[in-house]
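# What the coordinates show
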Amino acid sequence: MDTKDGLIGSIGNTSLIRINSLSDETGCEILGKAEFMNPGGSVKDRAALWMIREAEKSGALKSGGTVVEGTAGNTGIGLLHVCNSRGYSAVIYMPDNQSQEKEDLLRTLGAEVRIVPTVPYRDEMNFQKQAGRYAATLDNAVWANQFDNTANRLAHYESTGPEIWQQTDGQVDAFTCSVGTGGTLAGTARYLKEKNSKVHIILADPMGSALYNWVTTGEATMTPGPSITEGIGNSRITENLQGTPIDDAVQISDQDMVDMVYRMLRTDGWFFGSSTGLNLCAAVAIAKKLGPGHKIVTMLCDDGSKYQSRLFNPEFLADKGLTT
Ligand code: PMP
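Let us look at the structure shown here. (Residues numbered from 1 in each chain as written. Predicted model: local features only at pLDDT ≥ 70, side-chain atom pairs only at ≥ 80, totals over all residues. Heavy atoms only, no water.)

## Things to note about the sheet that holds strand 5 (residues 112-116)
- Strand order in the open sheet formed by four strands is 5-4-3-6, with parallel pairing between adjacent strands. Of all strands in the sheet, those with a lone pairing partner are strand 5 and strand 6 (141-143), marking the two edges. The mean inter-strand angle of the sheet, taken between neighbouring strand axes irrespective of direction, is 15°.
- Sheet topology note: the strand 3 (residues 66-70)/strand 6 ladder contains three bridges and is parallel. Directly across from Thr-66, in strand 6, lies its bridge partner Ala-141.
- Of the strands in this sheet, strand 3 and strand 4 (89-95) are in contact with helix 4 (residues 74-86), which crosses strand 4 at around 175°. (Pairing = 2+ DSSP bridges. Helix = DSSP H or I, 4+ residues; strand = E, 2+ residues; numbered from the N terminus. Axes fitted to C-alpha atoms, helices over the stretch in contact; angles between N-to-C directions. Contact = heavy atoms within 4.5 Å.)

Written out as structure tokens, the structure reads:
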């Protein structure tokens, strides 16, 4: 028997997939964690499960409670799956610049979705701050607070990192991924560095984010943007990201990301979302820098199905000056 224990038992333990064309071309093993295989279809299922578990452990969330979160989508989707399986309700605050598919899916999954204007984090009407304030008005409710709740990075320290170590027999030379909350990079990097301090950790950043400059210059100043990627890039250093052992950063343009996503679709058969395209560009850049013979691991964060109206819409791309 090789079975998984229900929804919760189906989160994590994702396959590590060799991306054949990129590996053959670079002479490196370019390996991706198949996070699209999680029940909610993305890497964020891990964070959702750990944040809810930690809230249960601390007693903040009890039977019949409510989880409130500000999320651009995938964390909300993950939270809804875990909430439904545990009998909690969920209220999701979302900025109004996100794809319609993500909003529709959250409602289908049973969330009360509140769409709010897209304003910077420093503004009190920011979607995350509104979520926090609303949770505080309810009994038996928690604000998941994915950006600054370190249960998020703990998920990756306790699951993603050990899985990668095991799946590569400890033979991993570099790990790279993009950062939204930073949970994935922070937890995985900590675990891998503890196992072998020589593992290169490289942050992959889209344009219109401050993280590339933060890693390479120490100053979290924004680079020119915006980017059409969703769920990645940040203007600030979150609690999750603080203290992460990072060796270097690479910055990837939207055109390179689009080229990668369409190449994967047309010649390898994969249907990936934008952060995965960006991660694979970063993995190739690292392979070229390290030279042949290295194992480079990255995250296949989600598939393309939520991005029909943007990344897979020729008119949208043309409007942004992007070609396929
Ligand atoms: N890719 C996708 C598709 C995401 O939704 C997110 C989360 N916003 C990320 C990557 C980044 O992951 P993290 O929040 O762990 O940095």
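Structure's up, so let's keep going.
## A few points about the side chain of Asn-152
- Within the secondary structure, Asn-152 is located in helix 7 (residues 151-167).
- For Asn-152, a relative accessible area of 0% puts it in the buried group.
- Polar side-chain contacts of Asn-152 include one of 2.8 Å to the backbone oxygen of Gln-146.
- Asn-152 has contacts with Lys-44, Ala-47, Met-51, Gln-146, Thr-181, Gly-183 and Asn-240, leaving out every residue within four places of it along the chain. (Buried < 20%, exposed > 50% of the residue type's maximum accessible area, 1.4 Å probe, protein only. Polar contact = N/O pair within 3.5 Å; in protein donor to acceptor, adjacent residues only side chain to side chain.)

## Focus: the site of the ligand
- Neighbouring residues of the ligand: 14 residues in total, closest Lys-44, Gly-180, Thr-181, Thr-184 and Ser-275.
- A distance of 2.6 Å separates an oxygen atom of the ligand from a polar atom in the side chain of Thr-181.
- Contact distances for the ligand include 2.8 Å between an oxygen atom and a backbone N or O atom of Gly-182.
- Compared with its free state, where it exposes 390 Å², the ligand has 95% of that area covered by protein.
- When grouped by side-chain class, the residues that make up the shell around the ligand number four nonpolar, eight polar and two charged. (Near = heavy atom within 4 Å. Areas by Shrake-Rupley, 256 points an atom, 1.4 Å probe, with all protein chains shown as cover. Nonpolar A, V, L, I, M, F, W, Y, C, P; charged D, E, K, R; others polar.)

## Quick look at the pattern of salt bridges
- Tallied over the entire structure, the rule returns 18 salt bridges.
- Its salt-bridge partner being Lys-306, residue Asp-302 comes within 3.1 Å of it at the nearest N-O pair. There is no split in this pair, since Asp-302 and Lys-306 are both buried.
- Within this structure, Lys-33, Glu-35, Arg-46 and Glu-163 form a network of salt bridges that share partners. (Salt bridge = Lys/Arg side-chain N within 4 Å of Asp/Glu carboxyl O.)

## Concerning the nonpolar core
- If you look at the biggest cluster of nonpolar residues, it comprises 36 residues, and the most contacted ones within it are Ile-19, Leu-22, Ile-30, Ile-228, Val-258, Leu-280 and Leu-311.
- Counting residues per element, the ones that place at least two in this core are strand 2 (29-34), strand 8 (200-206), strand 9 (248-252), helix 10 (254-268), helix 11 (274-290), strand 10 (295-300) and helix 12 (314-319).
- Formed by 28 residues, the second largest nonpolar core is a distinct cluster that contains Ile-8, Ile-11, Ala-90 and Ala-111. (Core = buried A, V, L, I, M, F, W, Y, C linked by side-chain atoms within 4.5 Å.)

## Digging into helix 6 (residues 127-137)
- When we look at burial in helix 6, the residues that qualify are Phe-127, Gln-128, Lys-129, Gln-130, Ala-131, Gly-132 and Ala-135.
- Buried residues belonging to helix 6 abut strand 3, strand 4, strand 5 and strand 6.
- N-capping of helix 6 is provided by Asn-126, with a side-chain oxygen placed 2.9 Å from the backbone N of Gln-128.

## A closer look at the packing of helix 3 (residues 44-58) against helix 7
- Interaxial distance between helix 3 and helix 7 falls to 8 Å at its minimum, and their mutual angle equals 125°. In terms of orientation, helix 3 lies oblique with respect to helix 7. In this structure, helix 3 meets helix 7 at a crossing whose hand is right-handed. Taking contact as the criterion, the partners of Lys-44, Arg-46, Ala-47, Trp-50, Met-51 and Glu-54 in helix 3 are, on helix 7, Ala-151, Asn-152, Leu-154, Ala-155, His-156, Glu-158, Ser-159, Thr-160 and Glu-163.
- Here the residues of the contact of helix 3 with helix 7 sort into six nonpolar, four polar and five charged. (Parallel < 35°, antiparallel > 145°, perpendicular 65-115°, else oblique. Left-handed = near helix turned anticlockwise from the far one by under 90°.)

## Points about the packing of aromatic side chains
- Overall, the coordinates contain seven aromatic pairs when judged by the stated rule.
- Judged by centre distance (5.9 Å) and plane angle (55°), the ring pair of Phe-36 and Trp-270 falls under tilted. You can see Phe-36 sitting in the loop between strand 2 and helix 3 and its partner Trp-270 sitting in the loop between helix 10 and helix 11, a full 234 residues away along the chain.
- Among the residues examined, Trp-270 registers a relative accessible area of 25% and is labelled partly exposed.
- Both rings, one in Trp-270 and one in Phe-272, keep their centres 5.5 Å apart while their planes meet at 10°; by these two values the pair is stacked.
- Residue Phe-272 is classed as buried on the basis of its relative accessible area, which comes to 1%.
- One aromatic cluster in this structure is built from Phe-36, Trp-270 and Phe-272.
- The ring centre of Trp-50 lies 4.9 Å from the NZ or CZ of Arg-53, which sits over that ring. (Phe/Tyr/Trp six-rings, centres within 6.5 Å; stacked < 30°, edge-to-face > 60°. Lys NZ or Arg CZ within 6 Å of the ring centre and 35° of its normal.)

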